[in-house]
Amino acid sequence: MSGGVPELAVVMPTRDRREVLLETVDRLRTTTTASAPIEIVIVDDGSTDGTSEAIAGRAPTLPWPLRVLRQDGAGPAAARNLGMREATAAVCLFTGDDTRARPGMVEGHLAFHRTHPAATEALLGHVVP
C-alpha cells in the first residue's frame, strides 16, 4: 500500500484455527496485488491455540497493514461487527478464516465499490462450501 487510508478492509473472524488462518492469509498475499489499498483485520474470538501470536508474526511479511483484535468468545457475528467498527477503510470485505481467495477477488471488490460508492451497494462473491 502506498500510504494513506486503505479503501477496503478484509475482516476475518477466527477461533482456534491457527494453521487454517495462516494458510488463508498466505493465500491472500499470493492472490492480491501488493499495491492494493487494503488492510487486514483479524478478530480472534477467544482462541487458546496461539492464533493471535501466530498471525501477528505474519504482519511483517505482508505488504498491507494487519491488525489482530481479540474478544472473549462472543461468536463470529460479534467478531465481524468488532472488525467493522475498528477498520479504518470505508468498505469491508468479510471473509472466513478458511476462505480460499482466488486471484482478483480483492481487486474485484475494490473496482465494484469504486464504481458503486453508495452506502447501500454491496457485492457478494461466489461461495463454494
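(A) Quick peek at helix 1 (residues 18–31). The terminal C-alpha atoms of helix 1, which comprises 14 residues, lie 20 Å apart, in line with the 20 Å expected from a rise of 1.5 Å per residue. Considered for burial, the residues of helix 1 that qualify are L21, L22, T24, V25, L28 and T31.

(B) Quick peek at the pattern of salt bridges. The full count for this structure, using the stated rule, is eight salt bridges. D97 is paired through a salt bridge with R17; the nearest N and O atoms lie 3.0 Å apart. Of this pair, D97 sits in the loop between strand 4 (91–94) and helix 4 (105–115) while R17 sits in the loop between strand 1 (8–14) and helix 1, and the two are 80 residues apart along the sequence. Looking at D97, the relative accessible area reads 8%, which means it is buried. Linked through salt bridges whose partners overlap, the residues forming this network are R17, D97 and D98.

(C) Quick look at the environment of T88. If you trace the backbone, T88 turns up in the loop between helix 3 (76–86) and strand 4. Of the residues examined, T88 reaches a relative accessible area of 47% and is grouped as partly exposed. Once the C-alpha coordinates of T88 and P6 are considered, the two residues, 82 residues apart in sequence, prove to be 6.9 Å apart. Excluding residues that lie within four positions of it along the chain, T88 makes contacts with V5, P6, E39 and R67.

(D) Spatial organisation of the sheet that holds strand 1. Strand order in this open sheet of four strands is 3-2-1-4, and the pairing throughout is parallel. Single-partner strands in this sheet number two, and they are strand 3 (66–71) and strand 4. Each strand of the sheet is rotated relative to its neighbour by a mean of 25°, with strand direction disregarded. Where strand 1 lies against strand 4, four bridges are found, and the strand directions are parallel. By the bridge assignment, L8 is partnered in strand 4 with V91. Of the strands in this sheet, strand 1, strand 2 (38–45) and strand 3 are in contact with helix 2 (residues 51–58), which crosses strand 3 at around 170°.

Thresholds applied
- Residues numbered from 1 in each chain as written.
- Predicted model: local features only at pLDDT ≥ 70, side-chain atom pairs only at ≥ 80, totals over all residues.
- Heavy atoms only, no water.
- Helix = DSSP H or I, 4+ residues; strand = E, 2+ residues; numbered from the N terminus.
- Expected span 1.5 Å × (residues − 1).
- Buried < 20%, exposed > 50% of the residue type's maximum accessible area, 1.4 Å probe, protein only.
- Salt bridge = Lys/Arg side-chain N within 4 Å of Asp/Glu carboxyl O.
- Contact = heavy atoms within 4.5 Å.
- Pairing = 2+ DSSP bridges.
- Axes fitted to C-alpha atoms, helices over the stretch in contact; angles between N-to-C directions.

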